Amino acid sequence: MSVVTNAALDLPGNPLRQLTLDQLRQRTSAKWRTHPADVLPLWVAEMDVLVAEPIAKAVTDAMAAGDTGYPSGSGYAEAVAAFAAERWSWDLDPDRVRTVPDMMLGVVEMIKVLTRPGDAVVINSPVYPPFHRFPAFNGRKVIEAPLGPDHRIDFAALAEAFELALGRGGRAVYLLCSPHNPTGTVHARAELERVARLSADYGVRVVADEAHAPLVAPDAAFTPYLAVAGAADGLAVTSAAKAWNLPGLRGAVAMAGPDAAVDLARMPEEMSTSISHLGALAHAAAFREGGPWLDALVADLAENRRLLAAAVAEHLPQARYRPQPGTYLAWLDCRDLGLGDDPAAHFLERARVAVNSGLPFGTGGKGHVRLNYATTPEILTEAVERMGASLN
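This structure is a prediction, so every number in the text was calculated from the model and none was measured. (Residues numbered from 1 in each chain as written. Predicted model: local features only at pLDDT ≥ 70, side-chain atom pairs only at ≥ 80, totals over all residues. Heavy atoms only, no water.)

Here four strands make up an open sheet; going across it, the order is β9-β10-β13-β12 and the pairing antiparallel. Lying at the two open borders of the sheet, with one neighbouring strand each, are β9 (320–321) and β12 (356–357). Sheet topology note: the β12/strand β13 (residues 368–372) ladder contains two bridges and is antiparallel. Across the sheet, Asn-356 pairs through a bridge with Arg-370, a residue of β13. Across the sheet, helix α14 (residues 343–351) touches β12 and β13, and the angle it forms with β13 is around 55°. (Pairing = 2+ DSSP bridges. Helix = DSSP H or I, 4+ residues; strand = E, 2+ residues; numbered from the N terminus. Contact = heavy atoms within 4.5 Å. Axes fitted to C-alpha atoms, helices over the stretch in contact; angles between N-to-C directions.)

Right, dumping it as structure tokens:
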């Protein structure tokens, strides 16, 4: 593997164009080691990038100083609040922010605070598979409110799900994915305000997973759920893990609206103290100093979306792909390809391309695949060409 110099890391450049396939195959993470070496992996949410220089410096400085102890301080919370003010014009009070070990653990703890075993969690399928699994693991009943054909919130379905969730009494949480994974939909402010009104009408509490929020394209205008009218009793979670490719340095923050601060305070103290110290340092550096690198990445992702749309039109013309600006994940409708309910199995076996099966995403997932396009243009192009050739 060639050596990447510090000088190369000092400039954002094009983050998705700095590594070769041979270099990527040296990695030992899940994306590159789960499948055989002849498979192009476009599945799990890892990006094929180098670490942004401010993050690398924060971690290596800590290692050099032996600063590898227990987590302390509010640096992560303050960095997120500063980022929110600059990027989203949102005045987030750091006193209503707590660190948690990772996104889904934070979500689960919020659900446990707001509900009891046997209560319901409403989700918009197709959605990130842990939304189905984690609440059920903790004794909650999962109720789907499927997205509409346009991949946006279907408010009639949502109201019906709320009625079902509360039909036998008890409490309910609406677990909102914003931006939405896997479709990439970015919910508009008006939609989020309608969510807040409907939830208030039914007495359902909202927990928003905003893992992909920093990745939203500038022209799509991400709106934090807690920033909209009527969301004062809401809770949300965000992280630098997706936007700066830090799943190996886990960490996240849980945030509360003004009327939910008491709920945030009820989360176990172990949640805050269990975050990795190095993870917290890395995430804080990302939010505080990683803006230029993120801007370069978002530009690369926009180019890859255009490339993917053209490649699908040429090599998989019967597949349907609706480019969306909310993440680096593409939701491909392959039902007209004649590959059955699980096209991912065909593409892995016949094309040697690993994409996520749509089935674990719930209702609306049959015949679909999720494709991670946060890779080099060369790998992305070859993958779609292979997928198309596998149909012949």
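Grouped together as the largest cluster of nonpolar side chains are 99 residues, with contacts concentrated most on Tyr-174, Tyr-225, Trp-244 and Leu-371. Those residues in contact with Trp-244 that lie beyond four places of it in its chain are Met-47, Ala-52, Ile-55, Phe-83, Pro-214, Ala-286, Phe-287, Gly-290, Trp-293 and Leu-294. (Core = buried A, V, L, I, M, F, W, Y, C linked by side-chain atoms within 4.5 Å. Buried < 20%, exposed > 50% of the residue type's maximum accessible area, 1.4 Å probe, protein only.)

A few words on the packing of helix α13 (residues 291–315) against helix α15 (residues 377–389). Each packed pair of helices is defined by two parameters, the angle between the axes and the distance between the axes. Close contact between α13 and α15 brings their axes to 9 Å; oriented N to C, the two are set at 20°. What the angle tells us is that α13 and α15 run roughly parallel. Along this stretch, α13 crosses α15, giving a crossing that reads as right-handed. Between α13 and α15, the residues in contact are Asn-304, Leu-307, Leu-308, Ala-311, Val-312 and His-315 and Pro-377, Leu-380, Thr-381, Val-384, Glu-385 and Gly-388, respectively. For the contact of α13 with α15, the residue count by class is seven nonpolar, four polar and one charged. (Parallel < 35°, antiparallel > 145°, perpendicular 65-115°, else oblique. Left-handed = near helix turned anticlockwise from the far one by under 90°. Nonpolar A, V, L, I, M, F, W, Y, C, P; charged D, E, K, R; others polar.)

It is worth spelling out the confidence of the model for the protein chain at this point. Averaged over every residue, the pLDDT of the protein chain is 95; residues scoring 70 or more account for 97%. When the criterion is pLDDT under 50, residues 1–10 qualifies, and its contacts beyond four places in sequence or with other chains add up to nine contacts. (pLDDT = per-residue confidence, 0-100.)

It is worth spelling out the environment of Ala-62 at this point. Counting through the fold element by element, Ala-62 comes out in helix α4 (residues 53–64). Accessibility expressed as a relative area gives 5% for Ala-62, which makes it buried. For Ala-62 and Leu-281, which are 219 residues apart along the polypeptide, the C-alpha to C-alpha distance reads 8.5 Å. Residues contacting Ala-62, with those up to four places away along its chain left out, are Asp-67, Leu-278 and Leu-281.

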